[in-house]
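# Coordinate inspection notes
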Amino acid sequence: MLDLNRLKALHAVHVYGSVGAAADALMVTPSAVSQQIAKLERETGARLMERNGRGVRLTDAAGLLAEHAERILALVETAEADFEALRGEVVGRLNIAAFPTAVRGLMPGALASLRERHPDLWVQLSEREPERVVREVSRGELDLGVIQDWLNRPMALPEGLSRATLLDDVADIALPADHPLAHSRELELAQLRDDHWISGSPGTVCHDWLVFTLRNASVEPVIACMADEYPTQLALVAGGLGCAIVPRLGRDCVPDGVRLVPIMPRQTRRIYAVWRTDAARRPAIRAMVEALAEASRKQENAWAVN
């Protein structure tokens, strides 16, 4: 009888290419992954890993078993979803992740509401960039994720994922208060072609989108500062170090010395919940999506009041 946890360890090494990367994905130690595969070797009587320079590689037998493991794990997930749906109870465990702004802006309210209504559901939350969230939801390492894309640069989802729109998050230009255009009613990006910019780190969604959007407006971005958190970007703007484009969900408190000016045409990012379509029958997934939708509505109402 093949042990599911050992098959899961082998599958993770197959997917991620190393014991260390598999351990990170499974949130265990590399030693634990190696031990699981060693036990699987004894169960099957086959060599599954062999040395390859400083690392290891899977044998042909391991590759074959990993392909079967993928199908077995998918069937187990489907069985669990069907069983939970039959019981109709919001119980068990959910592993979820969201990009940093959503963790701060949506998750506290959503998780507090979920805990009050469904105390027998355990939710583990982590912070991830959207592309990683999509990969890990697709692979079954996460049950649900919250991601974002911009309307002028949408993100395609892999086959097998479902999504629900949570909210539209409009962005404005953050300018130092003494900027010549700080009191404009609205601005086009081309009007700021001579300014310096503050962005996220290269390779992040926010950095890549900013560069893409500015170039589409015939502005070659001069990046003066890089910071991944919007409150930090706003502090840098307040210090007169550049301009930034900041969505509403990212600006809990706008510091003195910063003016927010609407952009024309409007720049909007859409925030989604994503999950595997095969798991949609799980009451826990539905409950999490409902809690996120409720938190999103409250946030939109707060924006409308302000």
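Our subject is the structure that appears above.
### Topic: empty space enclosed by the protein
- Across all of its chains, the model carries 1 cavity of 30 Å³ or more by this definition.
- Only strand S7 (196–199), helix H8 (205–216), helix H9 (230–238) and strand S9 (244–247) provide two or more residues apiece to the lining of the largest cavity.
- By residue number, the principal contributor to the lining of the largest cavity is H8, which donates 3 residues.
- Partitioning the lining of the largest cavity into residue classes produces 8 nonpolar, 3 polar and no charged.

### Describing H9
- Residues Tyr230, Gln233, Leu234 and Val237 constitute the buried set of H9. Axial view of H9: buried residues confined to an arc of 100 degrees, hence all on one face.
- Phi turns positive, to about 80 degrees, at glycine 240, one or two residues after H9.

### Notes on the layout of surface pockets
- Size it by volume and the largest pocket reaches roughly 1,300 Å³.
- Lining the largest pocket are 38 residues, with Lys8, Leu73, Arg139, Gly140 and Glu141 positioned closest to its centre.
- Residue assignment for the lining of the largest pocket shows that the elements contributing at least two residues are helix H1 (4–16), helix H2 (19–26), helix H3 (30–44), helix H4 (60–87), strand S3 (92–98) and helix H7 (130–139).
- Element by element, the count of residues in the lining of the largest pocket is highest for H4, at 9 residues.
- Class assignment for the residues of the lining of the largest pocket results in 15 nonpolar, 8 polar and 15 charged.

### Points about the environment of glutamine 233
- Mapped onto the fold, glutamine 233 is located in helix H9.
- Judged by relative accessible area, glutamine 233 falls into the buried class, the value being 2%.
- Setting aside chain neighbours within four positions, we find glutamine 233 in contact with Ile198, Ser199, Gly200, Ala227, Ala244 and Ile245.
- In this structure the side chain of glutamine 233 is engaged in a polar contact, spanning 2.8 Å, whose partner is the backbone oxygen of alanine 227.

### Looking at the sheet that holds strand S10 (residues 258–276)
- Taken together, 6 strands build an open sheet; the order of strands is S4-S3-S5-S10-S6-S9 and the sheet is mixed. The two strands at the open ends of the sheet, each matched to only one other strand, are strand S4 (121–127) and S9. Strand after strand, the sheet turns through a mean of 25 degrees between neighbouring axes, direction not considered.
- Packed on one face of the sheet, helix H6 (residues 107–117) meets S3, S4 and strand S5 (144–150) and runs near 170 degrees to S4.
- Taken strand by strand, H9 contacts S5, strand S6 (161–176), S9 and S10, and its axis lies near 140 degrees from that of S9.

Rules behind the numbers
Residues numbered from 1 in each chain as written. Predicted model: local features only at pLDDT ≥ 70, side-chain atom pairs only at ≥ 80, totals over all residues. Heavy atoms only, no water. 1 Å grid on protein atoms, 1.4 Å probe; cavity = no way out; pocket = protein on both sides within 12 Å on 5 of 7 lines; lining within 4 Å. Points joined across faces, edges and corners; volume = space filled by probe spheres on them. Helix = DSSP H or I, 4+ residues; strand = E, 2+ residues; numbered from the N terminus. Nonpolar A, V, L, I, M, F, W, Y, C, P; charged D, E, K, R; others polar. Buried < 20%, exposed > 50% of the residue type's maximum accessible area, 1.4 Å probe, protein only. Arc of directions from axis to C-beta. Contact = heavy atoms within 4.5 Å. Polar contact = N/O pair within 3.5 Å; in protein donor to acceptor, adjacent residues only side chain to side chain. Pairing = 2+ DSSP bridges. Axes fitted to C-alpha atoms, helices over the stretch in contact; angles between N-to-C directions.

Any link to function would need more than the numbers given here.
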